[in-house]
Amino acid sequence: MIKLIATDLDGTLMFTDHLTVTKRTYNALKSAHDMGVKIAITTGRPLTLIDNVTNQLPFADYIMYANGACVFDRNLNKVIYSNLIPNDKAKDAIKYFLDNRVFFEIYIDGKSHYQLGTEDLFVNTGFPQEFIDEVMTTMNGHNDLLGYVGDRGIEKITLYSVKDCDFNKYEQKLLSLDLTVACSFKGNLEATNSNVDKGQAVKGICDIMGITADNTMTFGDAGNDIPMLKFARYSFSMGNGTEECKASAKFVAPSNADDGLAQMVEKYVLT
């Protein structure tokens, strides 16, 4: 019996505009929740960029954000788990990417922060402008990003608009710091502390609930979703997912444009 549904957001739960939960998806998840199934959002986004989602799914129980670096329990209204990139590694990475002139953001306390003056390095690789506009309202610019970090650890570092010729170099830099590295879309690199990923976060919630992978359903479409797709017995790559993602999942669902998540919940949970 499925007792936990954990789903990625962009390209998975959300419609193609990255902003909308369709009526069919809402109804499927609400019906599952009414049956006692816990609902978890698992995302690379920071906590502040999830309000639009939880406004549409107010019954969601958990938010695993920053690729699982932190878990927010919405019933307890607090972060119940965090595993941060240590301060020395965070500062090393920040200095390196500032010197290499690439646009990136870091997450601290569920919020996004970036270095002012680097905005021109960002290139939109296909996201709807309305979604980009929403993202920008949640980002905080700083004249001295390193100074703002101070002695704190960070939840995640996300690189955008990475050129093909620089991708391997930047990936190796992050790996040299013993960080977990993933890619969610073209020109993107994401890093969290070692042993932090969506699979570990989902397993942690399973442990809290006293259930196993056999009771778990996961949905995703990109590289950062692979660990939780490998973990769950009922794991679904979206039809619009990457080939690597499809190979890591037990099943392939229709695309997010076709309410694929809702269709699978209706088939495997509601019936």
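Right above here is the structure, for reference.
Residues numbered from 1 in each chain as written. Predicted model: local features only at pLDDT ≥ 70, side-chain atom pairs only at ≥ 80, totals over all residues. Heavy atoms only, no water.

### Comments concerning the overall build of the protein chain
Logical step 1: Each helix and strand counted, the protein chain has eleven helices and 14 strands in total.
Logical step 2: A compact globule built from 271 residues should have a C-alpha radius of gyration of about 18 Å, and the protein chain, at 18 Å, falls within 12% of that.
Logical step 3: With the C-alpha coordinates of the protein chain rotated into their principal frame, the extents come out at 55 × 35 × 30 Å.
Logical step 4: For the protein chain, buried positions account for 53% of its 271 residues. (Helix = DSSP H or I, 4+ residues; strand = E, 2+ residues; numbered from the N terminus. Rg over C-alpha atoms; globule rule 2.2 N^0.38 Å. Buried < 20%, exposed > 50% of the residue type's maximum accessible area, 1.4 Å probe, protein only.)

### A short note on empty space enclosed by the protein
Logical step 1: In the structure shown here, the tally under the stated rule is one cavity of 30 Å³ or more.
Logical step 2: One number sums up the size of the largest cavity: a volume of about 40 Å³.
Logical step 3: Forming the walls of the largest cavity are T12, L13, F15, T22, T25, N256, D259, G260 and L261.
Logical step 4: Contributions of two or more residues to the lining of the largest cavity are made by α1 (9–13) and α11 (260–270).
Logical step 5: Partitioning the lining of the largest cavity into residue classes produces three nonpolar, five polar and one charged. (1 Å grid on protein atoms, 1.4 Å probe; cavity = no way out; pocket = protein on both sides within 12 Å on 5 of 7 lines; lining within 4 Å. Points joined across faces, edges and corners; volume = space filled by probe spheres on them. Nonpolar A, V, L, I, M, F, W, Y, C, P; charged D, E, K, R; others polar.)

### Here's the deal with the nonpolar core
Logical step 1: I5, L13, L29, M217, F219, V265 and V269 are the most contacted members of the largest nonpolar core, which has 44 residues in total.
Logical step 2: Among all residues touching V265, those that are not within four sequence positions of it are I5, A28, L29, A32, M217, F219 and L270.
Logical step 3: Core analysis: the second largest hydrophobic core is formed by 22 residues, Y96, F104, Y170 and L189 among them. (Core = buried A, V, L, I, M, F, W, Y, C linked by side-chain atoms within 4.5 Å. Contact = heavy atoms within 4.5 Å.)

### Regarding the pattern of salt bridges
Side chains that carry opposite charge are capable of pairing whenever their charged atoms lie near each other.
Logical step 1: Enumeration according to the criterion identifies 13 salt bridges in this entry.
Logical step 2: With a closest N to O distance of 2.7 Å, R45 and D10 form a salt bridge. In this pair, R45 is assigned in the loop between β2 (38–42) and α3 (51–56) and D10 in helix α1, connecting sequence segments 35 residues apart. Residues R45 and D10 agree in their burial class; the two are buried.
Logical step 3: Salt bridges sharing common partners tie together D8, K198 and D225. (Salt bridge = Lys/Arg side-chain N within 4 Å of Asp/Glu carboxyl O.)

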